[in-house]
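Residues per chain, in single letters:
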2 protein chains.
Amino acid sequence: MTPKVVAVAGATGLVGRQMMQVLEERNFPVKSLKLLASERSKGKTLTFKGETIPVEVLSEDSFKGVDVALFSAGGGTSKKYSPCAAKDGCVVVDNSSAWRMDPNVPLVVPEVNAHDIAKHQGIIANPNCSTIQMVVVLKPLHDAAKIKRVVVSTYQAVSGAGIKALDELKAQTLAILEGREPECSVFPYPIAFNCLPQIPQSDAFADNGYSTEELKMVNETKKIMGDDSIRVTATTVRVPVFSGHSESVNVETEKKLTAQQAREILSKAEGVVVQDDLSKQLYPLAPNAVGKSETFVGRIREDVSHPSALDMWIVSDNLLKGAALNAVQIAERL
Amino acid sequence: MTPKVVAVAGATGLVGRQMMQVLEERNFPVKSLKLLASERSKGKTLTFKGETIPVEVLSEDSFKGVDVALFSAGGGTSKKYSPCAAKDGCVVVDNSSAWRMDPNVPLVVPEVNAHDIAKHQGIIANPNCSTIQMVVVLKPLHDAAKIKRVVVSTYQAVSGAGIKALDELKAQTLAILEGREPECSVFPYPIAFNCLPQIPQSDAFADNGYSTEELKMVNETKKIMGDDSIRVTATTVRVPVFSGHSESVNVETEKKLTAQQAREILSKAEGVVVQDDLSKQLYPLAPNAVGKSETFVGRIREDVSHPSALDMWIVSDNLLKGAALNAVQIAERL
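Residues numbered from 1 in each chain as written. Chains lettered and ligands numbered in written order. Predicted model: local features only at pLDDT ≥ 70, side-chain atom pairs only at ≥ 80, totals over all residues.

A. Expanded view of the domain arrangement of chain A. All names here are of chain A. Examined at the domain level, chain A breaks down into domain 1 (4-127 + 324-333) and domain 2 (131-318). Taking the mean C-alpha position of each, domain 1 and domain 2 sit 25 Å from one another. The partner domain 2 presents 18 residues to the 13 residues of domain 1 that form the contact. Looking at the side of domain 1 that touches domain 2, the elements with two or more residues in it are helix H3 (110-113) and helix H9 (320-333). Looking at the side of domain 1 that touches domain 2, its residues break down into seven nonpolar, four polar and two charged. (Domains from an automatic or database assignment. Contact = placed C-beta atoms within 7 Å. Helix = DSSP H or I, 4+ residues; strand = E, 2+ residues; numbered from the N terminus. Nonpolar A, V, L, I, M, F, W, Y, C, P; charged D, E, K, R; others polar.)

B. View of the sheet that holds strand S8 (residues 147-155) of chain B. All names here are of chain B. With mixed pairing, the six strands of this open sheet are ordered in space as S9-S8-S10-S13-S12-S11. Each end of this open sheet is capped by a strand with a single partner; those strands are strand S9 (231-235) and strand S11 (272-274). Here the strands of the sheet are splayed against their neighbours by 25 degrees on average, with no regard to which way each runs. Pairing of strand S12 (residues 295-302) with strand S13 (residues 309-316), which is carried by five bridges, proceeds in the antiparallel orientation. Directly across from Arg-301, in S13, lies its bridge partner Asp-311. Packing of helix H4 (residues 129-145) onto the sheet brings it into contact with S8, strand S10 (245-253), S11, S12 and S13, and relative to S10 it is tilted by some 25 degrees. (Pairing = 2+ DSSP bridges. Axes fitted to C-alpha atoms, helices over the stretch in contact; angles between N-to-C directions.)

C. Quick peek at the relation of the copies chain B and chain A. Of the transformation superimposing chain B on chain A, the axial component is 0.0 Å and the angular component is 180 degrees, with the fit at an RMSD of 0.0 Å. Here the transformation between the copies is reduced to the relation of a two-fold axis. Both copies contact each other with a shared surface, as 100% of the interface residues of chain B are interface residues in chain A too. (Least-squares fit on C-alpha atoms with pLDDT ≥ 70 in both.)

D. Structural detail: helix H4 (residues 129-145) of chain A. All names here are of chain A. For H4, built from 17 residues, the straight-helix expectation of 24 Å at 1.5 Å per residue is met to within 8% by its first-to-last C-alpha distance of 25 Å. Buried residues dominate H4, accounting for 14 of its 17 residues. One or two positions beyond H4, positive phi appears at Lys-146, with a value near 55 degrees. (Expected span 1.5 Å × (residues − 1). Buried ≥ 20, exposed ≤ 12 C-beta atoms within 10 Å, placed from the backbone.)

E. Structural view of the interface of chain B and chain A. Across the boundary between the two partners, chain B contributes 49 residues, which contact 49 residues of chain A. Every element with two or more residues in the side of chain B that touches chain A is listed here: S8, helix H5 (163-177), S9, S10, helix H8 (286-289), S12 and S13 of chain B. For the side of chain B that touches chain A, a count of residues per class yields 27 nonpolar, 14 polar and eight charged.

F. Focus on the nonpolar core. If you look at the biggest cluster of nonpolar residues, it comprises 214 residues, and the most contacted ones within it are Ala-69 of chain A together with Ala-69 of chain B. Dropping the residues within four chain positions of it, Ala-69 of chain B is found in contact with Ala-7, Ala-9, Phe-63, Ala-85, Cys-90 and Val-92 of chain B. (Core = buried A, V, L, I, M, F, W, Y, C linked by C-beta atoms within 7 Å.)

G. Structural view of helix H6 (residues 212-225) of chain A. All names here are of chain A. The end-to-end C-alpha distance of H6 is 20 Å, a good match for the 20 Å that 14 residues give at a rise of 1.5 Å each. Buried residues dominate H6, accounting for eleven of its 14 residues. Of the surrounding secondary structure, the elements contacted by the buried residues of H6 are H3, H4, strand S8 (147-155) and strand S9 (231-235). Two residues or fewer past H6, Gly-226 is found with a positive phi of approximately 65 degrees.

H. Structural view of the sheet that holds strand S2 (residues 30-37) of chain B. Residues and elements named next belong to chain B. The seven strands are arranged S3-S4-S2-S1-S5-S6-S7 in an open sheet whose pairing can be described as mixed. Across the chains shown, the open sheet's two edge strands, defined by having one partner strand only, are strand S3 (45-48) and strand S7 (123-125). When strand polarity is set aside, the average angle formed by the axes of neighbouring strands in this sheet is 25 degrees. Judged from the four bridges that link them, strand S1 (residues 4-9) and strand S5 (residues 68-71) form a sheet pairing that is parallel. Considered in S5, the bridge of Ala-9 is made with Phe-71.

I. Representation of the confidence of the model for chain A within the structure. Residues at a pLDDT of 70 or more form 100% of chain A, whose mean pLDDT is 97. Among the scores for the predicted complex, ipTM is 0.97 and pTM is 0.97. (pLDDT = per-residue confidence, 0-100.)

J. Representation of the packing of H4 of chain B against helix H6 (residues 212-225) of chain B in the model. Residue and element names in this part refer to chain B. Look at H4 against H6: their axes get within 10 Å of each other, and the N-to-C directions meet at 40 degrees. Taken together, the axis directions place H4 and H6 in an arrangement best described as oblique. The two elements H4 and H6 meet at a crossing, and its hand is right-handed. Contacts between H4 and H6 involve Ser-130, Thr-131, Met-134, Val-135, Leu-138, Lys-139 and His-142 on the former and, on the latter, Glu-213, Lys-216, Met-217, Glu-220, Thr-221, Ile-224 and Met-225. Counted by class, the contact of H4 with H6 contains six nonpolar, four polar and four charged residues. (Parallel < 35°, antiparallel > 145°, perpendicular 65-115°, else oblique. Left-handed = near helix turned anticlockwise from the far one by under 90°.)

Laid out in structure tokens, this is it:
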């Protein structure tokens, strides 16, 4: 690949910083790197490959001469600036939810539907973190046995809500241990020593009672897998874990798969690591997944309540495969 | 009810202490209270209604003249001493898993199957904590619409693993916040800032890949509900919450229920409180359930993946309704 002029929009956020790190670690051929953020970050600098780079204020003119822009700046910012970037010939890989369900925008997890990248018209959407790690595991099972229905409950880390949320978890944890009242600013209720069944914490619920995050899992799964017949229900829950999302996933398939068949299929799947040896208490755990590229799956077993279903436990680094890494992997395949 | 001679076996444990507190708070007619524990607790005293009571060492002769014994002393101890107690005319309400699936022992959640109490032959089993709070909510739905299948994922508090586990959570949390290595003694991996898909942490998994806790939910649900046709699958997970179990429950019914119908049914159900107003971000939360007798349910919605299923979020105090309170409620109905 010829070296590219790359921009990271939202460079100072948790995912923006991870994007820079992933570009560096994977030796993405960067000719030059442009760091963009809001007015608030004016004057800041960040380091890339030992070089200090100033953070510029994102504007409509930011993308002239830029080949690829990785956006992690929120939906509103993406809605406003991604079309400007695309008009200037830049390809945007956007981590927000702004474009994901747009029929003209491919929604891509490279291990699942890399072929959709070619259809882009300047913008490619990076799916929701919880959905990415789930479909990486579901796709090979779907190819082997056709998935009919998925019932998923998530155990999502606080890093998915940003830097301030991580600070809030730490401050609340200390407060509770010291017998003080925990203070809430990011979350509506304390997240320390608690489980909050509302993601994102700031979004209203849909009329049907689902949260935004839950509907993302329902809808994005179908689009990425390219199969509208796959039915999904989700209950998404924030847990007091710093990083690494865990998921309890029940998968009904048309053709019955044994647990052993599923393990064999998944052990050959790209981007998936099977961690499933109960005699050694080996199963995926969030802290072990942090900093890793792969999605980990274990606790695979045949569902005793259904003639053709599997239960499993899927864990991945929500900032990496769930966001920054998946975006860079898309850029690599452009 | 005429005043009874009551014994609490395992009085010094978390559940034992809760049993004493519940007896006191509910004004159970206690003629006299006998506190029993293992050799390790010899010399200890505990307070009941302002009176200091010495802890006696549990033996085969402990139950002479005792009317009701509440056992929370582990499966092995119960296997050994419950028959002695029953032989001496004492009725045992046992919180361990030792007798739960014995066909001669009723397994009772008073709101669900109080009628089974009358069948006892000296021993009545108190179900598993996760199962109790789930069936309290499932039973009225089953009566209204016949439940076919349940897919549950749990978010279980550390208090379910005992006093030492709570100390371990606190110590590990502080260690991680201070950048030290967390030490594990109760749990195989740190529970602080983590989710462990293995309950109990010390039990081997079954050959079919299910944990002991998961199989309890599968089997005890059928026995308590008195309907073997109800199919259940469970994934049980320990989360870093001090007390209060949360559950994400998907319920398929023969007859379709709307979310609103389910709310109406549950709002009239004994022992259940519906907390479900999304416009006010009202849903059940573990810390809010602690110290409460009821089981709380919210996030009730029609499953978009199935023509006749509901998703919901069920929370209760695992030491109270999940253990001590349910046991005392059984004793009250004797």
